[in-house]
Amino acid sequence: MECREVKENLSAYLDHELDPQLSKAIQTHLGTCPGCFMENQQMSRAWQMLDLAPEIEPSPDYVSRFWTKASLQESRYERLLGRWKNLWGERRLIPIVTVLSLMLIIGSTGIIQQINMQNKLSQIKPDDVEMLQNFDLAQHFETIKDLDVIRDLDSDQKESTI
Amino acid sequence: MPDFSIFRNSADYTSDPDVVLMLEFQKGNAASFEALMRKYYPKVLNFIYRYGLTRQAAEDLTQEIFLKIHQMGPGYRPKAKFQTLLFTIVRNSALNAIRNERKYAASLDEEIESEDGSMAQQQADDKNYSPLEQMLENEKSDRIMAIINELPENQRSAVLLRRYEEMSCEEIGQSLNCSAKAVKSLLNRAKETLRVKLMDIK
């Protein structure tokens, strides 16, 4: 058995959690390998030394303190539950809740419409904006187009005479 | 593949006396809950203290944990050994407490007030040590505590649950939400670290 395999299983070996065959193989190896034997001894000792970690005692009144807190907690819970039941039992709150709900629905609808409008506006091109801004001109587009043609023809004539 | 074996039906755990006490408490028997608390309170307190909180923080957290268990009474369903459930809550609570910066280094000079009003050191002294011997013993125990606290959280939890609560690797795995094989690996690494760091302490 190799030292690497022994070291991988040392913890389980110390806890007697290995199957008998593997445990026996490790035991044999420890008998012939001073390095692994030393590590096994050190690991076992370190594990035992944990007994020396501090141990504290609970405060003498821990039981009574607990029951005091538990009863306060129950009272608080019952009070909250009582308030909730009272709130739900108040008939005059029903129309208020209804109105608030309607306001919420209407407000949400308005916000959604606003968002849709903004989306549509963002799709408008600059040329379209100019067209809309000059709506009166747009109404007389055909006339303007003809005037442009006449102007172009006139400028061509002048150039040719020069 | 997740280990679903922990979700056994409640009948499998009624042989656990602690589960029986919890079920009796569920029916209204407060004395059963107190019996559970008296059994586990010192263990929970010391687990949290060794995990790295101060004594006062450990006391407060222990009280909170048992209040939580108390509240669970009406809805309690035994899906694991009571000890496993308890230390799952304990470990998670301690971990959260430390992460929320409620951890204070336990000072060598931190003292507790004993019943007669005089100040005494943290280490319970039930042996007839001379003052020098007592001082050396306290230093050793504080050093061991510091070494435990230096372990990564998962390894620390595995060591504390294995060494002081004697839980099996399967039970520790349920508390830490990992496999028994992973717990064995954690313990192996933790013990190797402890071996190296405690080597020089006589």
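Before going into details, it helps to say that this report is about the structure given with it. The structure displayed is predicted, hence computed values, not measured ones. (Residues numbered from 1 in each chain as written. Chains lettered and ligands numbered in written order. Predicted model: local features only at pLDDT ≥ 70, side-chain atom pairs only at ≥ 80, totals over all residues.)

### Considerations on the overall build of chain A
Piece 1. Regarding its fold elements, chain A presents eight helices and zero strands.
Piece 2. A burial count over chain A gives 7% of its 162 residues as buried. (Helix = DSSP H or I, 4+ residues; strand = E, 2+ residues; numbered from the N terminus. Buried ≥ 20, exposed ≤ 12 C-beta atoms within 10 Å, placed from the backbone.)

### Considerations on the overall build of chain B
Piece 1. Per the secondary structure count, chain B includes eight helices and two strands.
Piece 2. Counting helices and strands in the order they occur from the N terminus, chain B gives α-α-α-α-β-β-α-α-α-α.
Piece 3. Going through the 202 residues of chain B one by one, you find that 38% of them count as buried.
Piece 4. Residue pairs in contact within chain B that sit at least 24 positions apart in sequence constitute 62% of those at least 6 positions apart. (Contact = placed C-beta atoms within 7 Å.)

### Remarks on the interface of chain B and chain A
Piece 1. Listed per partner, the contact involves 32 residues of chain B and 25 residues of chain A.
Piece 2. Counting residues per element, the ones that place at least two in the side of chain B that touches chain A are α2 (30-51), α3 (55-72), α5 (131-150) and α8 (180-198) of chain B.
Piece 3. Here the element with the most residues in the side of chain B that touches chain A is α2(B); it accounts for eight residues.
Piece 4. In the side of chain B that touches chain A, the residues fall into 16 nonpolar, seven polar and nine charged. (Nonpolar A, V, L, I, M, F, W, Y, C, P; charged D, E, K, R; others polar.)

### Description of the packing of helix α1 (residues 3-14) of chain A against helix α2 (residues 20-32) of chain A
Residues and elements named next belong to chain A.
Piece 1. The contact between α1 and α2 brings their axes to 11 Å, and the two run at 115 degrees. Between α1 and α2, the angle falls in the class roughly perpendicular. Considering how the two elements wind past one another, α1 and α2 form a crossing that is left-handed. Seen from α1, the contacting residues are V6, N9 and Y13; seen from α2, they are L22, S23, I26 and H29.
Piece 2. Of the residues belonging to the contact of α1 with α2, the class tally is four nonpolar, three polar and no charged. (Axes fitted to C-alpha atoms, helices over the stretch in contact; angles between N-to-C directions. Parallel < 35°, antiparallel > 145°, perpendicular 65-115°, else oblique. Left-handed = near helix turned anticlockwise from the far one by under 90°.)

### Examining the nonpolar core
Piece 1. Ranked by internal contacts, the top residues of the largest apolar core, which has 57 residues, are B:V44, B:I48, B:L53, B:V90 and B:A158.
Piece 2. Considering every element that reaches this core, the biggest residue donor is α2(B), with 11 residues. (Core = buried A, V, L, I, M, F, W, Y, C linked by C-beta atoms within 7 Å.)

### Section: unusual backbone geometry
Piece 1. Phi is positive for A:H16, close to 55 degrees, though the residue is something other than glycine.
Piece 2. Among the structural elements, A:H16 can be located in the loop between α1 and α2.
Piece 3. Take A:H16: there are 7 C-beta atoms within 10 Å of it, and that puts it in the exposed class.
Piece 4. Phi at B:E166 takes a positive value of approximately 55 degrees, unusual for a residue other than glycine.
Piece 5. Of note, B:E166 is situated in the loop between α6 (153-163) and α7 (169-176).

### Here we look at the packing of α1(A) against helix α3 (residues 34-49) of chain A
Residues and elements named next belong to chain A.
Piece 1. Axis separation between α1 and α3 bottoms out at 11 Å; the angle between their running directions is 25 degrees. The angle between α1 and α3 places the two elements in the roughly parallel class. In the crossing of α1 with α3, the sense of the turn from one axis to the other is right-handed. Two secondary-structure elements touch here, α1 through C3, V6, K7, L10 and L14 and α3 through G35, C36, E39, N40, M43, S44 and W47.
Piece 2. Here the residues of the contact of α1 with α3 are counted per class, giving seven nonpolar, three polar and two charged.

### A short note on α1(A)
Piece 1. The terminal C-alpha atoms of α1(A) lie 16 Å apart, and with 12 residues this matches the ideal 16 Å at 1.5 Å per residue to within 8%.
Piece 2. On its buried face, α1(A) sits against α2 and α3 of chain A together with α8 of chain B.
Piece 3. Downstream of α1(A) by one or two residues, A:H16 has phi in the positive range, about 55 degrees. (Expected span 1.5 Å × (residues − 1).)

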